[in-house]
Amino acid sequence: MIKWLEYRNSNSKDIVKRSEGESVRILGWVSSKRVHKDKIFLSIRDRYGYLQIVATPEESSDNIFNLAKTIPVESAIAAEGIVKHDPRAPNGVELRLKDLIVISKADIWPVTKSALKSPELMYDKRHLTIRGPRSRAILLIRSGVIKAAMEYFEKNDYVLINAPTFITSAVEGGATLFKLKYFDDYAYLTQSSQFYEEAAICVFEKVYVIQPSFRAEKSRTRRHLTEFWHIEAEAAFADHDDIMKVEEELVSYMLNYLNEHYSGEIKTVKKSGIKIYEPPFPRISYDEALEILHSKGVEMEWGEDFGADEERVLSMQFDTPFFVYGYPASTRSFYHMNDPDRPEVTLSSDLMAPDGYGEITSGGQRIHDYNELYNKIISFGLDPSQYEWYLEIRKYGMPPHAGFGLGVERFMRWILELPHIRDATLFPRTPSRVYP
RNA sequence: GCCGGGGUAGCUCAGAAGGUAGAGCGCCGGGCUGUUAACCCGGUGGUCGCCGGUUCGAGUCCGGCCCCCGGCGCCA
């Protein structure tokens, strides 16, 4: 057995710094191939990117030249060659092939030029199509999104916690939970870690989670997944204004982080790059939003929630992300705290992306008083016994607190202007897809 | 759940008026100036989503069903 990691002494990134004529060994996959009579171009992909290998009859033996000619794309290979700096090569540098070893030969690659136009095929073969340059770039950026969020929270003394996936009661209230067998009983998949965060803030003050949430909504749109990654945070002693500041700082921090560390990948996905927004973001009240809509001829009564059309009209008024706050209590879940100065509205807000990309975050101040929460559960027609532990936290020193949730894939779809939210995930889950 | 669009070669699609199907890409063979999802020539390739009906004859007309895509509702 050959120790491949010891065989390798360079890669697609390192080779740029190597001097002309040096002999190096690399590992990777043949991402594409162009065969001429006396010249073969192989594009090799490794962890760091792409590298061109050129084979000619003069520099390679007949066996190696023929191997390069016939090797199927996406075969895993080891190659040795001479470094040549050449402006005609994609990165200004290439490898003149001396030796080629097929570590694992590939079958005929099923992803053809026209297959790229077939979303269904692309996602049926997602285990293969993720190797494409665009998917590769998006998924690298995704790892940057998670890293940026963690870095922001760690710098601000938040504690990372992990919440359960199996739960027994709904955060939002009902029909959108996935139900599954749990031994002799039933359990559900979580749709938010918020309640668990609220328990945890009484020991850590500030907590965050980054994990999947599940929604059993048959939403046939380009901004819904049944399984999405949720960045959620909760802070004790914080009020609604405090948490909006956290949200805009986080979003801005992530944008700057990505711009700094992932500019190459971003360019692959979106030539113009991402836009950077600095806090504070504009804030408009629900009432002001309603006025704007009325002035644009949208018919809507106070107390109704905004639909997709309304959100679109609103977002046209801004070229930055913006908050809409002060939603009527009837439009928000039971745990939202009502404004003491104006009980018909809640201390809550949504952060909307510009250009019609929709809600990016949703948050607000939670009810910390036991009786207030109990009465609101009743008034929403819900059963307090379903929320026993959640209520009980309020009996043991629950301070005012606030929190929010951000959808990772929605955030990515917005900043990268992806045509569909599934493009932001490795293996998307939608109402019609749980495979592969 | 509601509304709209669509299922024809491995893939993307064309096929108004019923007469057992075409192109491009892929694949195979050959050619080829440093190619970037290379290009050129030739070849290969289809129970026209499924079931039933009308008809001498159905991809094309009628009925039922299944699946996919998008929008809405709901939300991140």
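Residues numbered from 1 in each chain as written. Chains lettered and ligands numbered in written order. Predicted model: local features only at pLDDT ≥ 70, side-chain atom pairs only at ≥ 80, totals over all residues. Heavy atoms only, no water.

Asks: Talk me through the overall build of chain A; I want residue IDs and the actual numbers.
Replies: Scanning chain A for helices and strands turns up 13 helices and 18 strands. The C-alpha extent of chain A, read off along each of the three principal axes, is 85 × 55 × 40 Å. Out of the 436 residues in chain A, the part that is buried amounts to 50%. Relative to all contacts within chain A whose residues are 6 or more apart in sequence, the contacts with residues 24 or more apart total 66%. Of the roughly 21,500 Å² of accessible surface on chain A, 51% is carried by carbon and sulfur atoms. One finds the centroid of the 55 positive side-chain charges in chain A at a distance of 12 Å from the centroid of its 64 negative side-chain charges. (Helix = DSSP H or I, 4+ residues; strand = E, 2+ residues; numbered from the N terminus. Buried < 20%, exposed > 50% of the residue type's maximum accessible area, 1.4 Å probe, protein only. Contact = heavy atoms within 4.5 Å. Areas by Shrake-Rupley, 256 points an atom, 1.4 Å probe, with all protein chains shown as cover. Lys, Arg positive; Asp, Glu negative; His and termini not counted. Charge placed at Lys NZ, Arg CZ, Asp CG, Glu CD.)

Asks: Break down the sheet that holds strand S3 (residues 49-55) for me, citing the residues and quoting the values.
Replies: One closed barrel accounts for five strands, arranged S1-S2-S3-S5-S4; its pairing is mixed. Averaged over all pairs of adjacent strands, the angle between their axes in this sheet comes to 55 degrees, without regard to strand direction. The sheet contact formed by S3 and strand S5 (residues 93-104) spans three bridges and is parallel. Its bridge partner lying in S5, Ile-53 is registered against Leu-95. (Pairing = 2+ DSSP bridges. Axes fitted to C-alpha atoms, helices over the stretch in contact; angles between N-to-C directions.)

Asks: An account of the packing of aromatic side chains is needed here, citing residue identities and associated values.
Replies: Given two aromatic rings, their pairing is described by the distance between the two centres and the angle made by the two planes. The full count for this structure, using the stated rule, is 26 aromatic pairs. Plain terms: the ring middles of Phe-334 and Tyr-335 are 5.6 Å apart, the flat faces sit at 75 degrees to each other, and that makes the pair edge-to-face. For the pair Phe-334 and Tyr-335, a shared accessibility class is recorded, and that class is buried. Cation over ring: Arg-25 sits above Tyr-7, and NZ or CZ is 5.4 Å from the ring centre. Sitting over the face of the ring of Tyr-327, Arg-332 holds its NZ or CZ atom 4.3 Å from the ring centroid. (Phe/Tyr/Trp six-rings, centres within 6.5 Å; stacked < 30°, edge-to-face > 60°. Lys NZ or Arg CZ within 6 Å of the ring centre and 35° of its normal.)

Asks: A description of the protein's contact with RNA strand B should follow, citing residues and the corresponding values.
Replies: What surrounds RNA strand B is a group of 50 residues, the closest being Lys-113, Ser-114, Arg-215, Arg-222 and Arg-410. Looking at RNA strand B alone, sugar and phosphate atoms form 47% of those within 4 Å of the protein. In the environment of RNA strand B, a base oxygen lies 3.2 Å from a nitrogen or oxygen atom belonging to the backbone of Lys-218. One of the side-chain N or O atoms of Arg-222 is found 2.5 Å from a phosphate oxygen in RNA strand B. Of all elements in the fold, only strand S1 (23-35), S5, helix H3 (119-124), strand S11 (227-236), helix H10 (308-315) and strand S17 (358-366) reach the threshold of two or more residues within the surface near RNA strand B. Broken down by element, the residue count for the surface near RNA strand B peaks at four residues, all from S17. Its residues placed into classes, the surface near RNA strand B shows 13 nonpolar, 15 polar and 22 charged. (Near = heavy atom within 4 Å. Polar contact = N/O pair within 3.5 Å; in protein donor to acceptor, adjacent residues only side chain to side chain. Nonpolar A, V, L, I, M, F, W, Y, C, P; charged D, E, K, R; others polar.)

Asks: Tell me what's going on with unusual backbone geometry, and back it up with residues and numbers.
Replies: What is expected of a backbone is that most residues other than glycine have negative phi and most peptide bonds are trans. Omega for the bond connecting Pro-279 with Pro-280 falls within 30 degrees of zero, at 0 degrees, which places this linkage in the cis form. Looking at the element boundaries, Pro-280 is found in the loop between helix H8 (263-269) and strand S12 (283-285). Note the cis peptide between Tyr-435 and Pro-436, where omega equals -5 degrees. If you trace the backbone, Pro-436 turns up in the segment after helix H13 (408-416). Located in the positive-phi region is Glu-74, a residue other than glycine, with phi close to 75 degrees. As for its position among the elements, Glu-74 is in the loop between helix H2 (62-70) and strand S4 (76-85). By relative accessible area, Glu-74 is classed as buried at 8%. At Phe-183, a position not held by glycine, the phi torsion is positive, near 50 degrees. On the accessibility criterion, Phe-183 (70% relative accessible area) is exposed.

Asks: An account of H2 is requested, with residue identities and associated values reported.
Replies: For H2, the set of buried residues is Ile-64, Phe-65 and Ala-68. Buried residues along H2 cover an arc of 100 degrees about the axis, so they all sit on one side. Away from its buried face, by an angle of more than 90 degrees, H2 presents the exposed residues Asp-62, Asn-63 and Thr-70. Here the buried face of H2 lies against S1, strand S2 (40-46), S3 and S5. (Arc of directions from axis to C-beta.)

Asks: So what's going on with the packing of helix H5 (residues 133-155) against helix H7 (residues 240-261)? Which residues, and what values?
Replies: Viewed as axis vectors pointing N to C, H5 and H7 meet at an angle of 130 degrees, and their least axial separation amounts to 9 Å. If you check the angle between H5 and H7, you find them oblique. At the point where H5 passes H7, the crossing takes the right-handed sense. Each of Ile-141, Gly-144, Val-145, Lys-147, Ala-148, Ala-149, Glu-151, Tyr-152, Phe-153 and Lys-155 in H5 lies in contact with H7, whose residues at this interface are Val-246, Glu-249, Leu-250, Tyr-253, Met-254, Tyr-257 and Leu-258. Considered class by class, the residues forming the contact of H5 with H7 number twelve nonpolar, one polar and four charged. (Parallel < 35°, antiparallel > 145°, perpendicular 65-115°, else oblique. Left-handed = near helix turned anticlockwise from the far one by under 90°.)

By themselves, these figures tell us nothing about what the structure is for.
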